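Each chain, written out:
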Amino acid sequence: MKIPFVAAVVAVIAGLCLSGAPAQAATGQAQYPIRSKQLTQNKLYKSGPLETTSCPEPAVSSAKRYVKTLFSCLSDSWSAQFEQAGLRFSKPSLRFFTSKKGLRYCGSKWGDAAGIYCPKTRQFAVLLDKSILTDVDDLFLMDVVAHEYGHHVQQMSGIMRSYQYEPYHGKKEETEQTKRLELQAECFAGVFIGSVWDSLDRSEDDWQRLLDVVAMNGDETTKDKDHGKGSTQKSWLNKGFQSAAPGGCNTWAAPASRVR
């Protein structure tokens, strides 16, 4: 029997974070592989590619305007995708902070995240401190925003709730389930970026640069090992980008070797 959902902070990898992750427990056999059809056979996976749309980037020097523009594009794209899938959708709310000193969000300390999604309130927040604009030429901020929106996609499609109540037996299985959740959000980020790529006035080198940054900021560089190795995150981000479809992001059906 599973215990009720308990809020806790999920570790940050490459500035991406989900707040409100579950503490789960179960009796009986461990669930390897994942057996929930809501996770492995979600209707969203059959909805096809995201429609190719235009989302020109504003100047990154104005981070708040940049995030708001992406937020609007993400809402339009995923809203249309949910309609295609026959699923209900409502956009999340968006909040900004300029300092993390003493900051608590979704019931926990902020930590080192650049962005956090709170499932309880269906809101994600972005920290607009100096570090977010370290390099105005890279795609890091876009990846942060698209990843956090990916958690909202999981929330609205029923994936998040199924994850919260999926039983596990032992820390190893719990951690793997969290990795599947986080890697799927990163893949969804790639799906969105791929769908708007032609309007970004970006080069193949820009995309490769983002992949390299992601690869260098995986679980190898953090205390909490629950988002996946850098090479694994890079692989799922690129898989989403190349497919531009949610169906390419079914981390729940992937073998354990693909979610390390």
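Conventions adopted
- Residues numbered from 1 in each chain as written.
- Predicted model: local features only at pLDDT ≥ 70, side-chain atom pairs only at ≥ 80, totals over all residues.
- Heavy atoms only, no water.
- Helix = DSSP H or I, 4+ residues; strand = E, 2+ residues; numbered from the N terminus.
- Expected span 1.5 Å × (residues − 1).
- Buried < 20%, exposed > 50% of the residue type's maximum accessible area, 1.4 Å probe, protein only.
- Axes fitted to C-alpha atoms, helices over the stretch in contact; angles between N-to-C directions.
- Left-handed = near helix turned anticlockwise from the far one by under 90°.
- Contact = heavy atoms within 4.5 Å.
- Nonpolar A, V, L, I, M, F, W, Y, C, P; charged D, E, K, R; others polar.
- Core = buried A, V, L, I, M, F, W, Y, C linked by side-chain atoms within 4.5 Å.

K.L.:
Explain helix H3 (residues 140-157) here, please?
P.N.:
The α-helix winds at 3.6 residues per turn, so residues separated by three or four positions along the chain end up facing the same way. With 18 residues, H3 extends 26 Å between its outermost C-alpha atoms, agreeing within 8% with the 26 Å of an ideal straight helix rising 1.5 Å per residue. Counting buried positions along H3 gives 18 out of 18 residues, so the element sits mostly inside the fold. Downstream of H3 by a residue or two, Gly158 has a phi angle that is positive, lying close to 90°.

K.L.:
I'm lost on the packing of helix H5 (residues 171-196) against helix H7 (residues 230-243) in this one. Help?
P.N.:
Helices that pack against each other are described as a pair by the angle of their axes relative to one another and the distance between those axes. One way to put it is that H5 packs onto H7 with a least axis distance of 6 Å and a crossing angle of 35°. The handedness of the crossing between H5 and H7 is right-handed. Contacts between H5 and H7 involve Leu183, Glu186, Cys187, Ala189, Gly190, Val191, Ile193 and Gly194 from the former and Thr232, Gln233, Trp236, Leu237, Lys239, Gly240, Phe241 and Ser243 from the latter. For the contact of H5 with H7, the per-class residue count stands at eight nonpolar, six polar and two charged.

K.L.:
Is there a simple way to think about the nonpolar core in this case?
P.N.:
One finds Trp78, Tyr149, Phe192, Ile193 and Trp207 to be the most contacted residues of the largest nonpolar core, which totals 52 residues. For this core, the secondary-structure elements that each account for two or more residues are helix H2 (63-85), strand S7 (123-127), H3, H5, helix H6 (204-215) and H7. In terms of residue count, H2 provides more of this core than any other element does, ten residues in total. Among residues more than four places away in sequence, those in contact with Trp207 are Leu139, Ile193, Trp197, Leu237, Asn238 and Phe241.

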